[in-house]
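# A structural walkthrough
So you can see what is in the structure, the chains are spelled out below.
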Amino acid sequence: MSERVYVVTDIEVDGFVPGANSMLALASVAVTASGEQVGEFEAVLAGLPGAQADPRGWEWFQTQPPEVVAAATAAPRPVADVMADFVSWVKGPGGGDPATFSVHTLPAQWFGDVPHTHRAIDDARGYAHLLVEVLRRSRERATLPDPA
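Description of the structure in this document. (Residues numbered from 1 in each chain as written. Predicted model: local features only at pLDDT ≥ 70, side-chain atom pairs only at ≥ 80, totals over all residues. Heavy atoms only, no water.)

## Here's the deal with the packing of aromatic side chains
- By the definition in use, this model includes six aromatic pairs.
- Ring geometry for W60 against F61: centres 6.1 Å apart, planes inclined by 55°, an arrangement best described as tilted.
- Every member of this aromatic cluster is reached through a ring pair, and the members are F41, F86 and W89. (Phe/Tyr/Trp six-rings, centres within 6.5 Å; stacked < 30°, edge-to-face > 60°.)

Here it is in C-alpha cells:
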C-alpha cells in the first residue's frame, strides 16, 4: 500500500469577495506524511469577467517584491483551462486529502526554511512543510503511553 499523499494549496487574490474580485495565482504541493514531495502545480489565472481588484487589497499586493507580483500576474491563463489542468493534476500522481487548519498561531519553525513570500508556490511549499510537521507530531503523540 502506498503512502497517503496530501495536497496543500495556496492562492493569491486581488480582493476577498469571490466573483467581485479574482484569484490571481493558484499553487499546490503534493507531499507525503514523511515529507516526500511528489509534485507541484502552479498557475496564473486571468481575471474573471466583470471582476475588479479591491483597491485596498491591490495596494497591499503592490507592496510585495516585484518578482512576487510578476509571479502572480505574468502570462495569465483562462480560469477554465487552469481549473481543468488542476483537476487533472490532483487526480494524477498524488491524489490527495484536503486539510485545513488555522496557521497564524502555529510556531514559525513548523514552516521549515521556506519563506512566506505571498508567491503562491512558495507559500504552498511552506504549508506542505507545516502539514508534514503536524502529521509527525500527531504520530509521536499517538505513540506516547496513556497517562491514566
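From this point, the discussion proceeds with the structure in view.
## A word on unusual backbone geometry
- Positive phi is not limited to glycine here, since A75 has a value of about 55°.
- By the secondary structure assignment, A75 is in the loop between α2 (66–73) and α3 (79–94).
- Overall, A75 belongs to the exposed group, its relative accessible area being 65%.
- With a phi angle near 75°, H118 is a residue other than glycine that sits in the positive phi range.
- The residue H118 is located in the loop between α3 and α4 (120–143) in this model. (Helix = DSSP H or I, 4+ residues; strand = E, 2+ residues; numbered from the N terminus. Buried < 20%, exposed > 50% of the residue type's maximum accessible area, 1.4 Å probe, protein only.)

## Re the side chain of D14
- One can find D14 in the loop between β1 (5–13) and β2 (23–32).
- Summary of buried charges: D14 has no salt-bridge partner, and the nearest side chain of opposite charge, R56, is 12 Å away.
- Not counting the four nearest positions on each side in its chain, D14 is found in contact with N21, S22, L24, Q52, A53, D54 and W58. (Lys, Arg positive; Asp, Glu negative; His and termini not counted. Salt bridge = Lys/Arg side-chain N within 4 Å of Asp/Glu carboxyl O. Contact = heavy atoms within 4.5 Å.)

## Thoughts on the side chain of D123
- Relative to the elements of secondary structure, D123 occurs in helix α4.
- Comment: no salt bridge for buried D123; closest opposite-charge side chain is R119, at 9.0 Å.
- Other than its neighbours up to four places away in sequence, D123 contacts D10, E12, P115, H116, T117 and H118.

## Some remarks on the sheet that holds strand β3 (residues 37–44)
- Pairing within the open sheet is antiparallel, and its three strands lie in the order β1-β2-β3. Single-partner strands in this sheet number two, and they are β1 and β3. On average, each strand axis in the sheet is inclined to that of its neighbour by 10°, with strand direction left out of account.
- Against the sheet, α2 engages β1, β2 and β3, with an angle of about 85° to β3.
- Contacting β1, β2 and β3, α4 crosses the sheet at an angle of about 35° to β2. (Pairing = 2+ DSSP bridges. Axes fitted to C-alpha atoms, helices over the stretch in contact; angles between N-to-C directions.)

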